[in-house]
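Summary of the model geometry
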Amino acid sequence: MDFLTTNTQYQLDNSFDGTNPELNATGKEVIVIGGGDTGTDCVGTSIRQGCKNVVQLEIMPQPPMERADNNPWPEWPKVYKMDYGQQEAEATQGADPRSYLVMTKEILKDEDGNVTGLQIVDITWGKNDQGQFVPQETDGTLRTLDAQLILLAMGFLGPEEKIIDQFKLDTDTRSNVKADHEIYTTNVDGVFAAGDMRRGQSLVVWAINEGRGAARECDRFLMGSTQLP
Ligand SMILES: Cc1cc2nc3c(=O)[nH]c(=O)nc-3n(C[C@H](O)[C@H](O)[C@H](O)COP(=O)(O)OP(=O)(O)OC[C@H]3O[C@@H](n4cnc5c(N)ncnc54)[C@H](O)[C@@H]3O)c2cc1C
């Protein structure tokens, strides 16, 4: 997020000094850990900043080219796709930058503490005694990738806890604030939750929808009724 925010601020505000060398991909070998949308943004931004090359590591298997039997329409299709970041990598480097079923082992650095590379290993997914899926390393596949910039894009774990603790808000099993869609009231009278904080990682369209809905419910709470949509 630091990398992406710095880059976007630099694009938006010419007076912003976005040339912090620690956060610049220019001329560097870049590794992006995480194959999701944030990882895609890191790949695309690295290429636009003129990186030497970029690879993207994903711990999960490559999705199928066609819908699997357990993923029928109208569910969201979990199939292989090239997003803009991968397309730009293919155009500049000749191939999709993603490697699947790889796990990171150790970040390597020089004596000054600068990143020099990353040790990775191939994995398969197996089940443990409790029936949970766990990664199992494949013998003989430990290897090192050179890198001067490693970007962590491994996903949203949940909203920050501080404000949730301070307000003593109830959370759901995914650590999001408990509040129903279209209602938005939490367990604390007068405290409402909407957007990613309520539904988990999502999309801007949902943030807009829920922000408007929460405003309506705040109006109802304060005025006793509301005419807001
Ligand atoms: C890298 C990345 C790329 C994404 N790309 C897309 C995309 O292409 N398309 C898309 O639709 N969605 C995308 N998303 C998801 C989208 O950004 C979110 O779903 C959306 O921003 C959620 O809106 P929100 O208002 O719920 O939360 P946020 O946008 O996270 O806003 C929460 C705000 O609350 C502030 N805040 C936090 N704590 C406090 C506090 N104690 N007091 C006051 N303020 C506080 C934060 O600073 C922040 O400004 C992306 C997300 C990421 C991380």
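Residues numbered from 1 in each chain as written. Predicted model: local features only at pLDDT ≥ 70, side-chain atom pairs only at ≥ 80, totals over all residues. Heavy atoms only, no water.

What follows concerns the overall build of the chain. Tallying secondary structure elements over the chain gives six helices and eight strands in all. Along the chain direction, N to C, the helices and strands of the chain fall in the order α-β-α-β-α-β-β-β-β-β-β-α-α-α. In terms of overall dimensions, the chain has C-alpha extents of about 65 × 55 × 35 Å along its principal axes. When the 229 residues of the chain are sorted by exposure, 30% land in the buried category. Intrachain contacts of the chain at a sequence separation of at least 6 include 46% that bridge at least 24 residues. Looking at the chain as shown, the accessible area adds up to about 14900 Å², and 52% of this sits on carbon and sulfur atoms. Distance between charge centres in the chain, computed from 20 positive and 36 negative side chains, equals 5 Å. (Helix = DSSP H or I, 4+ residues; strand = E, 2+ residues; numbered from the N terminus. Buried < 20%, exposed > 50% of the residue type's maximum accessible area, 1.4 Å probe, protein only. Contact = heavy atoms within 4.5 Å. Areas by Shrake-Rupley, 256 points an atom, 1.4 Å probe, with all protein chains shown as cover. Lys, Arg positive; Asp, Glu negative; His and termini not counted. Charge placed at Lys NZ, Arg CZ, Asp CG, Glu CD.)

For strand β4 (residues 102-109) and strand β5 (residues 115-127), the ladder comprises seven bridges, and the chain directions are antiparallel. Bridge pairing links I107 to L118 in β5. Taking the residues between adjacent antiparallel strands as the criterion, β4 and β5 are bridged by five residues, where G113 takes a positive phi near 85°. (Pairing = 2+ DSSP bridges.)

Turning to the packing of helix α2 (residues 37-48) against helix α3 (residues 84-93), a few remarks are in order. Where α2 contacts α3, the two axes come as close as 7 Å, and the packing angle between them is 35°. The two elements α2 and α3 cross, and the hand of that crossing is left-handed. Facing α2, whose interface residues are T40, D41, V43, G44, I47 and R48, α3 presents Y84, G85, Q86, E88, A89 and T92. Class assignment for the residues of the contact of α2 with α3 results in four nonpolar, five polar and three charged. (Axes fitted to C-alpha atoms, helices over the stretch in contact; angles between N-to-C directions. Left-handed = near helix turned anticlockwise from the far one by under 90°. Nonpolar A, V, L, I, M, F, W, Y, C, P; charged D, E, K, R; others polar.)

For interface size, the figure often reported is the accessible area lost on association. For the chain, the assigned domains are domain 1 (2-152) and domain 2 (161-223). A straight line from the C-alpha centre of domain 1 to that of domain 2 covers 31 Å. (Domains from an automatic or database assignment.)

What follows is about the packing of aromatic side chains. Scanning the entire structure with this criterion turns up one aromatic pair. We note R199 situated over the ring of W206; from NZ or CZ to the ring centre the distance is 3.8 Å. (Phe/Tyr/Trp six-rings, centres within 6.5 Å; stacked < 30°, edge-to-face > 60°. Lys NZ or Arg CZ within 6 Å of the ring centre and 35° of its normal.)

Below, the discussion takes up the site of the ligand. Every residue near the ligand is listed here: M1, L4, T38, D41, I163, G195, D196, S202, L203, V204 and A207. At a separation of 2.8 Å, an oxygen atom of the ligand approaches a polar backbone atom of D196. Bound to the protein, the ligand loses 39% of the 1000 Å² it would expose on its own. Taken together, the elements giving at least two residues each to the shell around the ligand come down to α2 and α6 (204-223). Taken together, the residues that form the shell around the ligand break down as six nonpolar, three polar and two charged. (Near = heavy atom within 4 Å. Polar contact = N/O pair within 3.5 Å; in protein donor to acceptor, adjacent residues only side chain to side chain.)

Counting residues in each nonpolar core, the largest one holds 14 residues, and the members touching the most others are F3, V30, V32, C42, V54 and L151. Secondary structure elements with two or more residues in this core: α1 (2-12), β1 (29-33), α2 and β8 (149-152). Looking at which element gives the most residues to this core, the answer is α2, with three residues. Every residue in contact with V32, bar those within four places of it in the chain, is listed here: G39, C42, V43, V54, V55, Q56, L57, L151 and A153. I33, V102, L118 and I150 belong to the second-largest nonpolar core, a separate cluster that totals eight residues. (Core = buried A, V, L, I, M, F, W, Y, C linked by side-chain atoms within 4.5 Å.)

This next bit is on the pairing of β5. The pairing of β5 with strand β7 (residues 143-146) spans four bridges and is classified as antiparallel. The partner of Q119 across the bridge, within β7, is T144. With five bridges connecting them, β5 and strand β6 (residues 133-137) associate as antiparallel partners. The partner of G126 across the bridge, within β6, is V134. Joining the antiparallel neighbours β5 and β6 is a turn of five residues, in which G131 adopts a positive phi near 80°.

As for its placement among the helices and strands, E210 is situated in helix α6. Within the structure, the side chain of E210 is placed 2.7 Å from the side chain of R198, a separation counted as a polar contact.

This brings us to the pattern of salt bridges. Counted under the stated rule, the structure contains 10 salt bridges. E210 serves as the salt-bridge partner of R199, at 2.9 Å between the closest nitrogen and oxygen. Highlighted residues: R199 in helix α5 (residues 196-199) and E210 in helix α6, separated in sequence by 11 residues. Of the charged contacts, one joins R220 and E217 as a salt bridge, the two residues approaching to 2.8 Å between their closest N and O atoms. (Salt bridge = Lys/Arg side-chain N within 4 Å of Asp/Glu carboxyl O.)

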